[in-house]
Amino acid sequence: MNPAAVVTGLGTTAPETVVTNEMVARGLDTSDEWIRTRTGIRERRVVTSGTATSDLAVDAGRNALKSAGLDEVGALVLATTTPDHPCPATAPTVAYGLGLGEIPAFDVSAVCSGFLYGLASGAGLIAAGVADTVLVVAAEAFTTIIDPTDRNTAPIFGDGAGAVVLRAGKTSEAGALLGLDLHSNGSMAELIMTPAGGSRQRSSGRVAEPHEHFMGMQGRTVFVNAVMKMEQSSRTALAATGWETGDVDWLIGHQANARILSAVAERLEIPAERAYINLDRYGNTAGASIPLALGGAADEGLLTAGHRVLLTAFGGGATWGAVTLRWPEIVPVV
Ligand code: UT7
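Residues numbered from 1 in each chain as written. Predicted model: local features only at pLDDT ≥ 70, side-chain atom pairs only at ≥ 80, totals over all residues. Heavy atoms only, no water.

**Description of empty space enclosed by the protein**
To find leftover empty space, a probe the size of one water molecule is rolled over the atoms.
Next up, step 1: Taken as a whole, this structure holds one cavity of 30 Å³ or more when the rule is applied.
Next up, step 2: A volume near 50 Å³ is recorded for the largest cavity.
Next up, step 3: For the largest cavity, the full set of lining residues is Val-7, Phe-115, Leu-119, Val-164, Leu-177, Leu-294, Leu-311, Leu-325 and Trp-327.
Next up, step 4: Residue composition of the lining of the largest cavity, by class: nine nonpolar, no polar and no charged.
Next up, step 5: Mapping the lining of the largest cavity onto the domain boundaries places at least three of its residues in each of domain 1 (4-169) and domain 2 (178-326). (1 Å grid on protein atoms, 1.4 Å probe; cavity = no way out; pocket = protein on both sides within 12 Å on 5 of 7 lines; lining within 4 Å. Points joined across faces, edges and corners; volume = space filled by probe spheres on them. Nonpolar A, V, L, I, M, F, W, Y, C, P; charged D, E, K, R; others polar. Domains from an automatic or database assignment.)

**Details of the domain arrangement of the chain**
Next up, step 1: According to the domain assignment, the chain consists of domain 1 (4-169) and domain 2 (178-326).
Next up, step 2: Averaged C-alpha coordinates put domain 1 and domain 2 at centres separated by 14 Å.
Next up, step 3: Between domain 1 and domain 2, the contact holds 45 residues from the first and 42 residues from the second.
Next up, step 4: Ranking the residues of domain 1 by area buried against domain 2 places Cys-112, Leu-116 and Tyr-117 at the top, with a combined share of 19%.
Next up, step 5: At the surface where domain 1 touches domain 2, the tally comes to zero salt bridges. (Contact = heavy atoms within 4.5 Å. Buried area = accessible area lost by both parts, 1.4 Å probe. Salt bridge = Lys/Arg side-chain N within 4 Å of Asp/Glu carboxyl O.)

**Considering the site of the ligand**
Next up, step 1: Around the ligand, the surrounding shell holds 22 residues, and the nearest of these are Thr-30, Arg-38, Asn-257, Arg-259 and Asn-284.
Next up, step 2: Within the side chain of Arg-151, a nitrogen or oxygen atom sits 2.9 Å from an oxygen atom of the ligand.
Next up, step 3: Isolated, the ligand exposes 940 Å² of accessible area, and the fraction of that covered by the protein chains is 72%.
Next up, step 4: Because more than half of its atoms lie within 2 Å of the grid, the ligand is assigned to the second largest pocket.
Next up, step 5: Among the elements of the structure, α2 (32-39), α7 (219-241) and α8 (258-267) are those that each provide at least two residues to the shell around the ligand.
Next up, step 6: For the shell around the ligand, the element with the most residues is α7, which contributes four residues. (Near = heavy atom within 4 Å. Polar contact = N/O pair within 3.5 Å; in protein donor to acceptor, adjacent residues only side chain to side chain. Areas by Shrake-Rupley, 256 points an atom, 1.4 Å probe, with all protein chains shown as cover. Sits in = over half its atoms within 2 Å of the grid points. Helix = DSSP H or I, 4+ residues; strand = E, 2+ residues; numbered from the N terminus.)

**Observations concerning the sheet that holds strand β8 (residues 177-184)**
Next up, step 1: Across the sheet, four strands lie side by side as β8-β13-β12-β11; this open sheet has mixed pairing. A strand with exactly one partner marks an edge of an open sheet, and here the two such strands are β8 and β11 (250-253). Going across the sheet, the axis of each strand differs from the next one's by a mean of 10°, ignoring polarity.
Next up, step 2: By the bridge criterion, eight bridges tie strand β12 (residues 308-315) to strand β13 (residues 319-326) in an arrangement that is antiparallel. The residue of β13 that forms the bridge with Ala-313 is Gly-321.
Next up, step 3: This element, helix α5 (residues 114-127), spans β8, β12 and β13 of the sheet and lies at about 120° to β8. (Pairing = 2+ DSSP bridges. Axes fitted to C-alpha atoms, helices over the stretch in contact; angles between N-to-C directions.)

**Concerning the sheet that holds strand β5 (residues 105-108)**
Next up, step 1: Judged by pairing direction, the sheet is mixed, and its five strands sit side by side in the order β1-β7-β6-β4-β5 without closing on themselves. Two strands bound the open sheet, and with one partner strand each, they are β1 (4-13) and β5. Strand after strand, the sheet turns through a mean of 20° between neighbouring axes, direction not considered.
Next up, step 2: Examined bridge by bridge, strand β6 (residues 133-140) and strand β7 (residues 160-169) share eight bridges and lie antiparallel to one another. Residue pairing in the sheet places Leu-135 in a bridge with Val-165 of β7.
Next up, step 3: Along the sheet face, helix α3 (residues 53-68) touches β1, β4 (75-79), β6 and β7 and points at about 120° away from the line of β1.

**Some words on the pattern of salt bridges**
Next up, step 1: Scanning the entire structure with this criterion turns up nine salt bridges.
Next up, step 2: Residue Arg-206 is joined to Glu-212 by a salt bridge in which the shortest nitrogen-to-oxygen separation is 3.1 Å.
Next up, step 3: Residue classification places Arg-206 among the partly exposed positions, given a relative accessible area of 42%.
Next up, step 4: The class of Glu-212 is buried, set by a relative accessible area of 14%.
Next up, step 5: Glu-300 serves as the salt-bridge partner of Arg-281, at 3.5 Å between the closest nitrogen and oxygen. Placement of the pair is Arg-281 in helix α9 (residues 279-282) and Glu-300 in the loop between α10 (289-299) and β12, with a sequence separation of 19 residues.
Next up, step 6: Judged by relative accessible area, Arg-281 falls into the partly exposed class, the value being 32%.
Next up, step 7: Within this structure, Glu-231, Arg-235 and Arg-267 form a network of salt bridges that share partners. (Buried < 20%, exposed > 50% of the residue type's maximum accessible area, 1.4 Å probe, protein only.)

Put into structure tokens, the structure is as follows:
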């Protein structure tokens, strides 16, 4: 039987600069009150000039390796929506920055579901015998693709990174990834899209308007689909694990909007207090939000060894999915 992928270390990082709702609302037709009540966000961390995604990824990766007690791994997967450059991938830069040698390293592009796709990719590398240990990093300098004058996105997003180390093991061990359920639907691609900078715009011969380099989002439609798909995928991952929704100790969902997380919890009949939320402090950090939430919940002593955890996300692509695991005995470095 192929080896299972077992979480054996967790690290996170966030930029030091805090931007409050009041600061975002300056010069924008919005308010602290609207942002708080419609999203749950109070403040977010943002990168300052000169900090790129790989810088955050190296910090989170170093913390995860420290948490795992390792100084080398067999492969690195980086989930990001905001690579340092359109070409090449950022993962090799991260592996180099961590001094990991000439290991396989590649990017995964699944926006807010990126961490779940990264976990599945890491598990695949282990099952295929490519590596016995994989560093899975999700890092986003997301505010670099946000138009500060767009009230549909500027109040929502923030920057940060999180990483886990996966190792080959058995499904019976705590930390093993159990139910993995992933999906996509490209008919929803335009709901979350950066129009310029890719081959569609470049091959047209048309020079992009500056604002086309920013990401646009049809928030309401994303909201409705996110609730529906996260519920569906969670049920599939739970069924594959042999767990009922009532067995879940922690629902750690993509931190997009507190109202989305409550709606998913309610539909799954998981009590609201078992749905962890830290988006009030970080905003929506896209792919990085789930590992940042895992780090927060563990660091606050809420998530402890043996807890049954359900991870779920929905995001650009559209992509979505869910993963289950029993939380291992690890000390996160946050
Ligand atoms: O992370 C990847 C996936 N992303 C998400 O999951 C985000 C999902 N979407 C959301 O979180 C929410 O849709 C938003 C927070 C983006 C928007 O909240 P909403 O409750 O869906 O607002 P809405 O777009 O339905 O607009 C409601 C009202 C409208 O006014 P009227 O027509 O009721 O008078 C909007 O014009 O709120 C207005 N509005 C705003 N007002 C102040 C929309 N955005 C803002 C704003 N400030 N920033």
